[in-house]
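# Close look at the chain arrangement
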Amino acid sequence: TVPLAPWGEVSFRMDWAHKSKTYYNAENSEAIADDFSSLNARVAFLSEQGWEIAGFVTNIANTRNVVGGFDAPAFGFGILQWGRPREYGVSMRAEF
């Protein structure tokens, strides 16, 4: 957090998460999600009056990864659930 007297303060946040290879069936065979990392960032301004405006980016590297799955070899198919792509936006809030 960096003070910006007399207006308020600016805060910076960056987080990183890593998930190792994951198997989605009891045999630990076909339904595999490779390891992946995710990097997110946020910059916010909090005013002395109690309102905040922030910009954020999730999945900065826009990595394409599997976050879930189901393997049904007896039926001849499997299902993979893909993670969210890069997203960015602005948020605002007020305290009163």
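Here is a short report on the structure shown in this document. (Residues numbered from 1 in each chain as written. Predicted model: local features only at pLDDT ≥ 70, side-chain atom pairs only at ≥ 80, totals over all residues. Heavy atoms only, no water.)

## Side note on the environment of Phe-45
Filter applied, for reference: Secondary structure elements follow DSSP: runs of H or I no shorter than four residues count as helices, runs of E no shorter than two count as strands, and numbering proceeds from the N terminus. Only protein chains enter the accessibility calculation, which uses a 1.4 Å probe; a residue whose area is less than 20% of its type maximum is buried, one above 50% is exposed, and one in between is partly exposed. Throughout, a residue-residue contact means that at least one pair of heavy atoms, one from each residue, lies within 4.5 Å.
As for its position among the elements, Phe-45 is in strand β5 (residues 36-47). Assessed through its relative accessible area of 19%, Phe-45 is described here as buried. Along the sequence, Phe-45 and Gly-55 sit 10 residues apart, while their C-alpha atoms lie 9.1 Å from each other. Leaving out residues up to four positions away in the same chain, Phe-45 has contacts with Leu-4, Trp-7, Gly-8, Glu-9, Val-10, Trp-51, Glu-52 and Ile-53.

## Considerations on the pattern of salt bridges
Applied cut-off: What counts as a salt bridge is simple: a side-chain nitrogen of Lys or Arg found within 4 Å of a carboxyl oxygen of Asp or Glu.
Scanning the entire structure with this criterion turns up 5 salt bridges. The salt bridge partner of Glu-87 is Arg-84, with a shortest N-O separation of 2.7 Å. Judged by its relative accessible area of 28%, Glu-87 falls in the partly exposed class. Taking the shortest distance from any N to any O, the salt bridge between Glu-95 and Arg-93 comes out at 2.7 Å. Taking the relative accessible area as the measure of exposure, Glu-95 reaches 48% and is therefore partly exposed. What you see here is one network of salt bridges that share partners, running through Arg-42, Glu-52, Arg-93 and Glu-95.

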